[in-house]
Amino acid sequence: MSDLTSEQVNAVTYAYMDVCAADTFLNGDDPLDGRAWNEIAEAVPQTKADLEKAFPFLIEGVEDE
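Residues numbered from 1 in each chain as written. Predicted model: local features only at pLDDT ≥ 70, side-chain atom pairs only at ≥ 80, totals over all residues. Heavy atoms only, no water.

A. Spatial organisation of helix H2 (residues 34–54). Between its first and last C-alpha atoms H2 spans 30 Å; for 21 residues at 1.5 Å apiece the expected length is 30 Å, and the two agree. Taken residue by residue, H2 has Ala 36, Ile 40, Thr 47 and Ala 54 as its buried positions. Those residues of H2 hidden inside the fold are in contact with helix H1 (6–27). (Helix = DSSP H or I, 4+ residues; strand = E, 2+ residues; numbered from the N terminus. Expected span 1.5 Å × (residues − 1). Buried < 20%, exposed > 50% of the residue type's maximum accessible area, 1.4 Å probe, protein only. Contact = heavy atoms within 4.5 Å.)

B. Quick look at the confidence of the model for the protein chain. Here the protein chain shows a mean pLDDT of 84. Residues at 70 or above account for 83%. Per-element mean pLDDT across the protein chain ranges from 74 in helix H3 (residues 57–64) up to 90 in H1. (pLDDT = per-residue confidence, 0-100.)

C. Structural view of the layout of surface pockets. For the largest pocket, the calculated volume is near 230 Å³. As for the largest pocket, its lining consists of Tyr 14, Met 17, Asp 18, Ala 21, Ala 36, Glu 39, Ile 40, Ala 43, Gln 46, Thr 47 and Asp 50. For the lining of the largest pocket, the secondary structure elements donating two or more residues are H1 and H2. (1 Å grid on protein atoms, 1.4 Å probe; cavity = no way out; pocket = protein on both sides within 12 Å on 5 of 7 lines; lining within 4 Å. Points joined across faces, edges and corners; volume = space filled by probe spheres on them.)

D. A look at the packing of H1 against H2. Put simply, H1 and H2 touch, their axes get as near as 9 Å, and they point 150° apart. Judged by the angle between their axes, H1 and H2 are roughly antiparallel. Both H1 and H2 take part in a crossing whose hand is left-handed. On H2, the residues touching Glu 7, Gln 8, Ala 11, Val 12, Tyr 14, Ala 15, Asp 18, Ala 21, Ala 22 and Phe 25 of H1 are Ala 36, Trp 37, Ile 40, Ala 43, Val 44, Thr 47, Asp 50, Leu 51, Lys 53 and Ala 54. Grouping the constituent residues of the contact of H1 with H2 by class yields 14 nonpolar, 2 polar and 4 charged. (Axes fitted to C-alpha atoms, helices over the stretch in contact; angles between N-to-C directions. Parallel < 35°, antiparallel > 145°, perpendicular 65-115°, else oblique. Left-handed = near helix turned anticlockwise from the far one by under 90°. Nonpolar A, V, L, I, M, F, W, Y, C, P; charged D, E, K, R; others polar.)

E. Inspection of a nonpolar patch on the surface at higher detail. A grouping of Tyr 14, Tyr 16 and Met 17 is seen on the molecular surface, where their side chains present a nonpolar patch of about 360 Å² in accessible area. Within the fold, Tyr 16 resides in helix H1. Exposure remark for Tyr 16: the relative accessible area of 58% places this residue in the exposed category. (Patch = residues over 30% accessible without salt bridge, like charges linked within 9 Å, V, L, I, M, F, W, Y side chains within 5 Å. Areas by Shrake-Rupley, 256 points an atom, 1.4 Å probe, with all protein chains shown as cover. Salt bridge = Lys/Arg side-chain N within 4 Å of Asp/Glu carboxyl O.)

Take a look at the structure:
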């Protein structure tokens, strides 16, 4: 991962953490956990913004569709 900037590494790391949390929330023993819902709801928009900033091509790809 030495070709990535620290900003990119952070964005990917946080995205992975969000995916892991969403997986646990959606597929875990208690899918209606309100605390997990709130944490994911708060984290995902920030992670999305971080990914778009670190990898601008993501926005271009979405806009082209």
